[in-house]
Amino acid sequence: HSHTPTTHTLLPPTPLSLTVGLEVHAQLALSTKLFSTARPPDELGNDAAPNSHVSPFDAAMPGALPRLCEEAVPAAARVGLALAADVAPIVAFDRKHYTYYDLPHGFQITQKRYPLCTNGFVDVHEDVPLPLPIEREGVADNSVLPEGARRVRVTNVQLEMD
């Protein structure tokens, strides 16, 4: 008994190509949490008992208001500059409302609609483990890349309460 493989095509062939997007989170090394006066826990989590780095705002106490860490915007702007991104001249935040088990506020402060930095990139090379140095000239021209290098677009850099 022989079996002939069958090929099933759900959609006709098209000139479209696959684009994969990633959302990457990074924590800035700041002296306080982004919207709190509490200091962030140690990187390894070994410096304090659970829930000891909590301010009234973190606990969503009535009347507690967020306070933006002064170091945050310049630090995030430096990230944007390192990615050859455009840095917005005005900083704005939004409240994104949703329910999540560790979000007592019922909302997250974010820059989803008005990100701090847009249109950046990082160049990577198959033989180089670290990103290639960025040359601001020729930003939009991939032809300036060395052989074996790829330009990865960075849509935006935004600050958000996490």
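The notes below deal with the structure included here. Remember, predicted model here, so these are calculated numbers, not experimental data. (Residues numbered from 1 in each chain as written. Predicted model: local features only at pLDDT ≥ 70, side-chain atom pairs only at ≥ 80, totals over all residues. Heavy atoms only, no water.)

1. Topic: the overall build of the chain
Scanning the chain from N- to C-terminus turns up one helix and five strands. Going residue by residue from the N terminus, the α and β elements of the chain occur as α-β-β-β-β-β. Split into buried and exposed, the 162 residues of the chain put 28% on the buried side. Nonlocal contacts in the chain, meaning residues at least 24 apart in sequence, comprise 62% of its contacts between residues at least 6 apart. (Helix = DSSP H or I, 4+ residues; strand = E, 2+ residues; numbered from the N terminus. Buried < 20%, exposed > 50% of the residue type's maximum accessible area, 1.4 Å probe, protein only. Contact = heavy atoms within 4.5 Å.)

2. Here's the deal with the environment of D86
Along the polypeptide, D86 turns up in strand β1 (residues 86-87). Taking the C-alpha atoms as reference, D86 lies 5.3 Å from T118; in sequence the two are 32 residues apart. Looking at D86, its side chain comes within polar contact range of the side chain of N119, at 3.4 Å. (Polar contact = N/O pair within 3.5 Å; in protein donor to acceptor, adjacent residues only side chain to side chain.)

3. Quick notes on the side chain of Q108
Here Q108 is to be found in strand β3 (residues 107-110). For Q108, a relative accessible area of 3% puts it in the buried group. Among the polar contacts listed, one links the side chain of Q108 to the backbone oxygen of M161, at a separation of 2.7 Å. Ignoring anything within four residues of it in the chain, the contact list for Q108 reads D94, R95, K96, Y98, L103, E160, M161 and D162.

4. What about the pattern of salt bridges?
In total, this model carries three salt bridges according to the counting rule given. Between D123 and R151 there is a salt bridge, and its shortest N-O distance comes to 2.7 Å. Remark: R151 occurs in strand β5 (residues 149-157) and D123 occurs in strand β4 (residues 117-125); sequence separation between them is 28 residues. In terms of burial, D123 and R151 fall into one category: buried. (Salt bridge = Lys/Arg side-chain N within 4 Å of Asp/Glu carboxyl O.)

5. A word on the packing of aromatic side chains
A complete count under the given rule lists three aromatic pairs for this structure. For the ring pair F35 and F93, a centre distance of 5.2 Å and an interplane angle of 85° mean the geometry is edge-to-face. One end of the pair, F35, is in the segment before α1 (72-82); the other, F93, is in the loop between β1 and β2 (94-97), and 58 residues separate them in sequence. Judged by its relative accessible area of 27%, F93 falls in the partly exposed class. Relative to Y101, the ring of Y100 lies with its centre 4.8 Å away and its plane at 45°, an arrangement referred to as tilted. Relative accessible area serves as the criterion here: at 45%, Y100 is assigned to the partly exposed category. Among the residues examined, Y101 registers a relative accessible area of 73% and is labelled exposed. Here the aromatic residues Y98, Y100 and Y101 are joined through ring pairs into a cluster of three or more. For R95, the ring lying beneath its charged end belongs to F107, and the centroid distance is 3.8 Å. Residue placement shows R151 over the ring face of F121; its charged tip is 3.9 Å from the ring centre. (Phe/Tyr/Trp six-rings, centres within 6.5 Å; stacked < 30°, edge-to-face > 60°. Lys NZ or Arg CZ within 6 Å of the ring centre and 35° of its normal.)

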